[in-house]
Structure formats: structure tokens, C-alpha cells
Amino acid sequence: GKDSVMAMVWNHTEPGIADVYFRFSNTGASGLIGDGVNISNPTAGTQQNADIVYANGIFHIVYQNNATQELFYMQAIQDEYIGIENHPVLQYQLSLIDGILHFQVMNENMAGRKMEIFDSKGSILFSDHPDYASLIMVDLTSVSSGVYWISIKGFNKPIKFFK
């Protein structure tokens, strides 16, 4: 990436399962330690041959479904707005697969916190009060491509993501 911005993709294989995982860091190599987010297309078969390249602020990711021989392309975009300001230990997983946003906060109690997804005009697309262990899945298939934000009550800066 650029400066301390880094990302990696890898094939994660267990008996009968092979998926592609992604991990991002804006604190250099030390931020790459830990679990990643499964970014594989949820189709039958083994996902393999993951590769990543960085250009103009965008990580471009490709991988192949071995069963169908289909190639998949994704973009991961990180800038100064992604992440949670003033909360350096917050861990979350965020992925957008086939128009479905998968979001989970891993190490923070979400009970009583309001989560909203809104567009650049400020229109709210989703609002919920998730519990600690929940994985929030939001269908964004009918939403046009663009920039969207996740705001969580109690945190100063929203998470920015692109569809």
C-alpha cells in the first residue's frame, strides 16, 4: 500500500473447505497479525489463487473458484475515514459479498448501541440495535454503487465502505 497501509489475501484451507481471506492494516505489518475476513464468494467449490495489488489508493483482489473456473474481482478501499477514531482496540469484520453487507464487532459490547448505515446525502438505509454477539447482515442489492457509512452510537468516526 502506501506508507503504513498494508493488506494481504490468502487461501485458508480446512478439510473440504478452501476460502480466501483478507486482512488490512493502517499501522504497518504489526496490524496484519490476527484473523482476517472471509471474502470468498459463497459458492460451492474451492476458492484459490488469491492475488492482490495496490494502485491509486485501492487494493485490487482476484481469486478463482476451482469448481466453476470463475474468476472474481473485488476492491478494498481504505482511506483516512475507515476505522473508528479514538478507539484503537476495536476489532470488526466488514465484507460485502454479492450485495450483502456482513458486519460484526468482535471485541466490544454492542448491547444498547444504535447502528445506522447511511448514504452520502445522509439518508438512513438501515438502523438496528445489535447485541454483542450478533453478525449484522444487510441486503444492499437494491442500493446503487457509491460511498456509504456505518455509524455506531458511542464512537466518534463512522466506518466508510464502498458498494
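Residues numbered from 1 in each chain as written. Predicted model: local features only at pLDDT ≥ 70, side-chain atom pairs only at ≥ 80, totals over all residues. Heavy atoms only, no water.

(A) Local environment of the environment of Trp10. Structurally, the position occupied by Trp10 is in strand S1 (residues 6–14). The exposure class of Trp10 is partly exposed, given its relative accessible area of 23%. In the structure, Trp10 is positioned 40 residues away from Ala50 in sequence and 6.1 Å away in space, judged by C-alpha atoms. Residues in contact with Trp10, not counting those within four places in the same chain, are Asp19, Val20, Tyr21, Phe22, Arg23 and Gly36. (Helix = DSSP H or I, 4+ residues; strand = E, 2+ residues; numbered from the N terminus. Buried < 20%, exposed > 50% of the residue type's maximum accessible area, 1.4 Å probe, protein only. Contact = heavy atoms within 4.5 Å.)

(B) The sheet that holds strand S11 (residues 136–139), seen in detail. Taken in spatial order, the three strands make up an open sheet running S7-S8-S11, and their pairing is antiparallel. Among the strands making up the open sheet, the edge pair consists of strand S7 (92–97) and S11. Pairwise comparison of adjacent strand axes, ignoring direction, gives a mean angle of 15 degrees for this sheet. Where S7 meets strand S8 (residues 100–105), six bridges bridge the pair, whose relative direction is antiparallel. Within S8, the position partnered with Tyr92 by the bridge is Val105. (Pairing = 2+ DSSP bridges. Axes fitted to C-alpha atoms, helices over the stretch in contact; angles between N-to-C directions.)

(C) Summary view of the sheet that holds strand S2 (residues 17–25). Spatially, three strands are ordered S1-S2-S3 in an open sheet, and the strand pairing comes out antiparallel. Pairing within the sheet leaves two strands with one partner each, and these edge strands are S1 and strand S3 (37–38). Two strands pair when backbone bridges link them, and S2 and S3 are joined in this way by two bridges, in the antiparallel orientation. What sits directly across from Tyr21, in S3, is Asn38.

(D) Molecular detail of the confidence of the model for the chain. Summary statistics for the chain give a mean pLDDT of 75 and a share of 74% for residues scoring 70 or more. Model confidence for the chain, summarised as mean pLDDT per element, is weakest for strand S13 (residues 159–162) at 65 and strongest for strand S4 (residues 47–55) at 89. Note on residues 79–89: pLDDT is under 50 here. Beyond four places in sequence and across chains, it has 25 contacts. (pLDDT = per-residue confidence, 0-100.)

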